Amino acid sequence: MKIKGILVLGLVCSGLFFGSLTYTNASAKYVGHHAIPTELRGTWSQYRGKNKFFVIKITKNNLYVNSKLTYSTKKSGANKVFIQSLSKKVTHGSGVSYILNGHYKYEYQTFGEFWLSKEKVSNRRVLKNYHHMDHYNVFTKNKVKHNYSYHKDSFKDIGR
């Protein structure tokens, strides 16, 4: 009788253990330092005038600038994709910002800080980028012939 009770108890415990493994949450957007977050992925455009666009394409492991592979998981040094997420305390806004090449030696080696803004153009959210000297680049999913980029002297009201 004791052996039967121990066997049943063992089955119940193992059933609870293996049952809990099947209910894990697999919908996380940010998986680690070497995969670009899903919210940033896609093809983003910025109008530069005279029917010319500055285009960045972001995939899981690569970042292309005007069709040229710039950052990748297969590159080394400052061009290797290493995601550094910055909290809202660092960025002075709401949400999370990302630096796509967090292993850089000098500030000029980074492509800047990126975040998905709450602002919309053509009913779609825009991707914003901060890179040196208080200049904010705004990228849209659709090719819109208007440059929404702007210059601010402080982090206040940057339009997260």
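Residues numbered from 1 in each chain as written. Predicted model: local features only at pLDDT ≥ 70, side-chain atom pairs only at ≥ 80, totals over all residues. Heavy atoms only, no water.

1. Observations regarding the pairing of strand S9 (residues 135-139)
Stage number 1. Here S9 lies mainly inside the structure; 4 of its 5 residues are buried.
Stage number 2. Alignment of strand S8 (residues 124-130) against S9, held across 4 bridges, turns out to be antiparallel. The partner of Tyr-130 across the bridge, within S9, is Tyr-136.
Stage number 3. Two strands pair when backbone bridges link them, and S9 and strand S10 (residues 150-151) are joined in this way by 2 bridges, in the antiparallel orientation. Opposite His-135, over in S10, you have His-151 as the bridge partner. (Buried < 20%, exposed > 50% of the residue type's maximum accessible area, 1.4 Å probe, protein only. Helix = DSSP H or I, 4+ residues; strand = E, 2+ residues; numbered from the N terminus. Pairing = 2+ DSSP bridges.)

2. What to know about the sheet that holds strand S7 (residues 113-121)
Stage number 1. Read across the open sheet, the 6 strands follow the order S5-S6-S7-S8-S9-S10; overall the sheet is antiparallel. If you trace the sheet from one side to the other, it starts and ends with strand S5 (84-86) and S10, each paired once.

3. Concerning the sheet that holds strand S2 (residues 52-58)
Stage number 1. Reading across the sheet, the 4 strands line up as S1-S2-S3-S4 and stay open at both edges, with antiparallel pairing between neighbours. Looking at which strands have only one partner, the edges of the open sheet turn out to be strand S1 (42-49) and strand S4 (68-72). Between one strand axis and the next, the sheet turns through 20 degrees on average, direction left out of account.
Stage number 2. Bridging between strand S3 (residues 62-65) and S4 involves 4 bridges; their strand directions are antiparallel. (Axes fitted to C-alpha atoms, helices over the stretch in contact; angles between N-to-C directions.)

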